[in-house]
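# Working through the structure, step by step
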Number of protein chains: 2
Amino acid sequence: MSERADAARNRVAVLRATERLLAEGGGDHVSLDRVAALAGVGKGTVFRRFGSRAGLLRALLEERSSELREAVRDGAPPLGPGGPVRERMLAFLDGLGAIAEGNAVLLSAHGQACADDKYTDPSYLFWHGHLCGLLAEARPDLDAGFLAHGILALFDGALIRHLTPPGDPRRFTRSVQEMALALLGAEGVT
Amino acid sequence: MSERADAARNRVAVLRATERLLAEGGGDHVSLDRVAALAGVGKGTVFRRFGSRAGLLRALLEERSSELREAVRDGAPPLGPGGPVRERMLAFLDGLGAIAEGNAVLLSAHGQACADDKYTDPSYLFWHGHLCGLLAEARPDLDAGFLAHGILALFDGALIRHLTPPGDPRRFTRSVQEMALALLGAEGVT
DNA sequence: AGAAAAACGGACCATCGGTCCGGATGGCGC
DNA sequence: GCGCCATCCGGACCGATGGTCCGTTTTTCT
């Protein structure tokens, strides 16, 4: 056995409380005190389970993106391995964009909390590695690692909010895809 | 008269103290208390002069970048108006990159403090407008506004620190330039 | 049932950004 | 040189926050 029943129950209570607070207030509305109170647990519990404020937000983000990660790693094309690079790229950006657009507030809160550790975060490293592979295959003449950082840098909560007009929730994603295509260059245009 | 002598003296003392703290500790080592103590002034003074922690960091950043702004607006080519777009772009990125590389810590501290206001900051808007103009001229087929955000998103303190190896301080700038060129596309290659 | 292990909870702490106001200080007119 | 008034100073003060700690409760295993 790895987790006691009450521990598991409390963990989901805390996560649900966090997303409620995230939804109804800004990102800085989520304080550990408030989360604990709303979840009906003690502050120590929140901390013990998630290590820190950053850990809590990371866990929530993980929950939101694990599905995409699986699909990218093991799923069927166009997301998963096997299809043409350009399609994989677009499908991946579509998926990541959807997550980002739906979690812009969480994204900025997490960014603020993580600060410097951002680039060593396993989740970031996975996205980066994936993009890296795709870019390297399509443009072996460029620095794929850097371009991958460049694309991921777009996924900033504040930027997304800034660029998403009411009534067109996918605008950001389309822009990201356009930029990615521009980076891939005109070669191989259908 | 616009500023009393002691006020001016204190302002520079505070700015110097801030940069010292920034240099010797991390970005979160710069608390208003510490700044005030090191500058030999009261906390209220720091606050009155700069409005907030974010304002203090912004002022410091402003001090570092005003020269580049002038050069871009009124200076001679290749930085200033008049030269070929591609050269202006490279020169601008070289200048901005140098500032960013020399102030990575300040950059992340400022980013954290500003959070959402980042995209309405006058300084950001200026850089963005400039890039926008250049990109729109070179690639009228793309969304210049978005691409400009994409390029500016690279200027993240943590990313710069992450990508700058000891012994090659300009590596980041070169990568940014390469990516910008990739965005401009192959058209017009010399 | 009983005991050890695991988890709980919330008081507690240091620190932070920001506010406020009585007191000091500088500039200007004389 | 002097005195007056606006301006500025300083640091005590505040509410909130992230994080810690330990006596108490709950779970689970035997």
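Residues numbered from 1 in each chain as written. Chains lettered and ligands numbered in written order. Predicted model: local features only at pLDDT ≥ 70, side-chain atom pairs only at ≥ 80, totals over all residues.

### Structural notes on the protein's contact with DNA strand C
In the vicinity of DNA strand C lie 24 residues, with Val 41, Gly 42 and Gly 44 of chain A together with Ala 5 and Gly 44 of chain B positioned nearest. Elements represented by at least two residues in the surface near DNA strand C include exactly α1 (5-24) and α3 (43-50) of chain A together with α1 (5-24), α2 (32-39) and α3 (43-50) of chain B. Sort the elements by how many residues they give to the surface near DNA strand C and α3 of chain A lands first, with five residues. When grouped by side-chain class, the residues that make up the surface near DNA strand C number six nonpolar, seven polar and eleven charged. (Near = placed C-beta within 6 Å. Helix = DSSP H or I, 4+ residues; strand = E, 2+ residues; numbered from the N terminus. Nonpolar A, V, L, I, M, F, W, Y, C, P; charged D, E, K, R; others polar.)

### Observations regarding the environment of Leu 21 of chain B
Residues and elements named next belong to chain B. Along the chain, Leu 21 falls in helix α1. Of the residues examined, Leu 21 has 21 C-beta atoms within 10 Å and is grouped as buried. The spatial distance from the C-alpha of Leu 21 to the C-alpha of Asp 156 is 20 Å, given a sequence separation of 135 residues. Aside from chain neighbours lying at most four places away, what touches Leu 21 is His 29, Val 30, Arg 34, Val 35 and Leu 38. (Buried ≥ 20, exposed ≤ 12 C-beta atoms within 10 Å, placed from the backbone. Contact = placed C-beta atoms within 7 Å.)

### So, helix α6 (residues 104-114) of chain B
Counting buried positions along α6 of chain B gives ten out of eleven residues, so the element sits mostly inside the fold. For α6 of chain B, the complete set of buried residues consists of Ala 104, Val 105, Leu 106, Leu 107, Ser 108, Ala 109, His 110, Gly 111, Gln 112 and Cys 114 of chain B. Those residues of α6 of chain B hidden inside the fold are in contact with α6 (104-114) of chain A together with α1, α4 (53-74), α5 (85-102) and α9 (157-163) of chain B. In the segment just after α6 of chain B, Ala 115 of chain B is the residue with positive phi, at about 50°.

### Details of the relation of the copies chain A and chain B
With an axial shift of 0.0 Å and an RMSD of 0.1 Å, the rotation relating chain A to chain B amounts to 179°. Such a combination of rotation and displacement between the chain copies is what one expects of a two-fold axis. Of the residues that chain A buries at the interface, 100% are likewise interface residues in chain B, meaning the two copies contact each other through the same surface. (Least-squares fit on C-alpha atoms with pLDDT ≥ 70 in both.)

### Quick notes on the domain arrangement of chain A
Residues and elements named next belong to chain A. Taken domain by domain, chain A holds domain 1 (1-51) and domain 2 (58-184). Computed from C-alpha atoms alone, the centre-to-centre distance between domain 1 and domain 2 is 27 Å. Taken together, the eight residues of domain 1 in the interface contact seven residues of domain 2. The element contributing the most residues to the side of domain 1 that touches domain 2 is α1, with four residues. Its residues assigned to classes, the side of domain 1 that touches domain 2 shows four nonpolar, three polar and one charged. (Domains from an automatic or database assignment.)

### Points about unusual backbone geometry
All names here are of chain A. A cis amide bond links Pro 77 to the next residue, Pro 78, at an omega of 10°. Within the element layout of this structure, Pro 78 appears in the loop between α4 (53-74) and α5 (85-102). Positive phi outside glycine occurs at Ala 115, with the angle close to 55°. For Ala 115, the location among the structural elements is in the loop between α6 and α7 (122-138).

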